[in-house]
Amino acid sequence: MKEFARARGVPQSGRSGLSDVVARVADGDQDAFATLYDSIAGPVFGLVLKVLRDPSQSEEVAQEVMVEVWRTATRFRPEQGSVMTWVMTMAHRRAVDRVRSEQAATDREQRTARRDQTPPYDQVSEEVTVRLESEQVRRCLRTLTDLQRQAVTLAYYQGYTYREVAASLSAPLGTVKTRLRDGLIRLRDCMGVNA
C-alpha cells in the first residue's frame, strides 16, 4: 500500500500532506483528487455505512461526499482542522440528512396509507343517526315535568346560566338547580345512558 501511495503521490504522513493535496485539488488537479480519493474514500464509506446501515445507499452518499470535496476544495482551511475532520464532517452531515429524508418519506407513506384505509364518511348514515337521536331527546323531554323541561330548555338549548334561568322562571336559584339536576337524571335514564 505504501508503494502504491508513493507512486500516486500520496503523502506518507501528517496533516500537512493531505492539506497540500487538497490545495492542488482546489486548483483543479485531477491527479491530486485521485490521490485524495484513495486516501479518504474508505473512511468516508465506513462512516456513512455506520450511520445508514445500507451498503447501496452508503455508496451513493459516499460518492456525493467525494463530489462535494471536489467542488468545495477551495473552502478548506487547514488552520481550522485536518482534511480528515473536514471530509468526515461532510460525510456525517450527508448521512444524517439521508436518514432524515428517508424517515420523512416513510412517514409520508404511512400517513397516506392510513388515509387510504379510513372508510369514507357516510353522510346519509350520519344524518339518520343525528335525526334519530334528536327524536329520542324530544321524546324524553316530553317525559319531564313542565318546570324541569323549562329549566333544561333554557339552560341547555338557549345557553342561559343558572341565575338567568332562575330570573326567567321567577324561581329561587336552589330550586332551579334541583329542577335541572332531576330533569337531567330523568333524561339520562330515558335515553339509556349509563352514568
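As a starting point, this report considers the structure included with it. All of these numbers come straight from a predicted model, not from anything done at the bench.

1. Some remarks on the overall build of the protein
In step 1: Summing up its helical and strand segments, the protein has 9 helices and 0 strands in all.
In step 2: When the elements of the protein are put in sequence order from the N terminus, they spell out α-α-α-α-α-α-α-α-α.
In step 3: Within the protein, buried positions represent 27% of all 195 residues.
In step 4: Across the protein, contacts joining residues at least 24 apart in sequence account for 57% of those joining residues at least 6 apart.
In step 5: Surface exposure of the protein reaches about 13,200 Å², of which carbon and sulfur atoms provide 50%.

2. Things to note about the packing of helix α3 (residues 30–52) against helix α4 (residues 55–72)
In step 1: Where α3 contacts α4, the axes come no closer than 8 Å and their chain directions differ by 140°. For the element pair α3 / α4, the angle class is oblique. For the pair α3 and α4, the sense of crossing is right-handed. Of α4, the residues touching α3 (which contributes Q30, F33, L36, Y37, I40, A41, V44, F45, V48, L49 and L52) are P55, Q57, S58, E59, V61, A62, Q63, V65, M66, V69 and W70.
In step 2: Each residue belonging to the contact of α3 with α4 can be placed in one class, and the counts come to 17 nonpolar, 4 polar and 1 charged.

3. Description of α4
In step 1: Counted at 1.5 Å a residue, the expected span for α4 with its 18 residues is 26 Å, and the 25 Å between its end C-alpha atoms agrees.
In step 2: When α4 is considered as a whole, its buried residues turn out to be Q57, S58, V61, A62, V65, M66, E68, V69 and T72.
In step 3: On the buried face of α4, the contacting elements are α3 and α5 (83–117).

4. Brief notes about the state of the cysteines
In step 1: Enumeration over the complete set of coordinates arrives at 1 disulfide.
In step 2: In this model, C140 is linked to C190 through a disulfide, with the two sulfur atoms separated by 2.0 Å. A torsion of -80° about the S-S bond marks the disulfide between C140 and C190 as left-handed. With C140 in helix α6 (residues 123–141) and C190 in helix α9 (residues 173–191), this residue pair connects regions lying 50 residues apart in the sequence.

5. Quick notes on the nonpolar core
In step 1: Membership of the largest hydrophobic core comes to 24 residues, with the highest contact counts inside it found for L36, V44, V65, V69 and V87.
In step 2: Contributions of two or more residues to this core are made by α2 (15–26), α3, α4 and α5.
In step 3: The element best represented in this core is α3, accounting for 7 residues.
In step 4: Residues within four places of L36 in sequence aside, it is in contact with L18, V21, V22, V25, V69 and V83.
In step 5: In terms of nonpolar packing, the next biggest core, distinct from the first, is built from 13 residues, C140, L144, L154 and V176 among them.

6. A look at the packing of aromatic side chains
Each aromatic ring pair is summarised here by two numbers: the centre-to-centre distance and the angle between the ring planes.
In step 1: Enumeration over the complete set of coordinates arrives at 3 aromatic pairs.
In step 2: Between the aromatic rings of F33 and W70, the centroid separation amounts to 5.2 Å while the plane-to-plane angle is 70°, which identifies the pairing as edge-to-face. Residue F33 is found in helix α3, and its partner W70 is found in helix α4; the two are separated by 37 residues along the sequence.
In step 3: You can call F33 buried: its relative accessible area is 17%.
In step 4: Note on W70: relative accessible area 32%, which makes it partly exposed.

7. Focus: unusual backbone geometry
In step 1: A positive phi is found at R53, a non-glycine position, where the angle reads about 60°.
In step 2: Among the secondary structure elements, R53 is positioned in the loop between α3 and α4.
In step 3: You will see that S170, though not glycine, has its phi angle at about 50°, which is positive.
In step 4: In this fold, S170 is placed in the loop between α8 (162–169) and α9.
In step 5: With a relative accessible area of 68%, S170 lands in the exposed category.

8. Looking at a nonpolar patch on the surface
In step 1: Nonpolar side chains collect at one region of the surface, where Y156, Y157, Y162 and L184 lie side by side and expose about 430 Å² of accessible area between them.
In step 2: In this structure, Y157 sits in helix α7 (residues 146–157).
In step 3: A relative accessible area of 52% means that Y157 is categorised as exposed.

Reading the values: rules and limits
- Residue numbers run consecutively from 1 along every chain, following the written order of its sequence.
- Given that the model is predicted, a residue must reach a pLDDT of at least 70 before its local features are reported, and side-chain atom pairs must reach 80 or more before they are shown or counted; all residues, however, enter totals for whole chains, interfaces and linings.
- To get the side-chain values, all heavy atoms of the structure are used, and hydrogens and water are removed first.
- Secondary structure elements are taken from DSSP: a helix is a run of H or I of four residues or more, a strand is a run of E of two residues or more, and numbering for both begins at the N terminus.
- Relative accessible area decides the class of each residue, using a 1.4 Å probe on protein chains only: under 20% of the type maximum gives buried, over 50% gives exposed, and in between gives partly exposed.
- Note on contacts: a residue pair qualifies if any of its non-hydrogen atoms lie within 4.5 Å across the two residues.
- Shrake-Rupley sampling with a 1.4 Å probe provides the accessible areas, and residues are treated as covered by the protein chains on show and by no other component.
- Orientation is described by lines fitted to C-alpha atoms, with helices fitted over the stretch in contact, and by angles between N-to-C directions that extend from 0 to 180 degrees.
- Roughly parallel here means an angle under 35 degrees, roughly antiparallel means over 145, roughly perpendicular means 65 to 115, and every remaining angle is called oblique.
- By definition, any crossing whose near helix is turned counterclockwise from its far helix by less than a right angle is left-handed, and any crossing with a clockwise turn is right-handed.
- Side-chain classes are defined by residue name, with Ala, Val, Leu, Ile, Met, Phe, Trp, Tyr, Cys and Pro counting as nonpolar, Asp, Glu, Lys and Arg as charged, and the others, Gly among them, as polar.
- Here the expected span of a helix is defined as 1.5 Å times the quantity of residues minus one.
- Two cysteine sulfur atoms make up a disulfide if the distance between them is within 2.5 Å.
- Among buried residues, those of type Ala, Val, Leu, Ile, Met, Phe, Trp, Tyr and Cys that are joined through side-chain atoms within 4.5 Å constitute a nonpolar core.
- By convention, a stacked pair of Phe, Tyr or Trp rings (six-membered ring in the case of Trp) has centres within 6.5 Å and planes under 30 degrees apart, an edge-to-face pair has planes over 60 apart, and any other such pair is tilted.
- Residues qualify for a patch when their relative accessible area is over 30% and they have no salt bridge, like charges being joined within 9 Å and the nonpolar side chains of Val, Leu, Ile, Met, Phe, Trp and Tyr within 5 Å.
- Whenever a carboxyl oxygen of Asp or Glu lies within 4 Å of a side-chain nitrogen of Lys or Arg, that contact is scored as a salt bridge.

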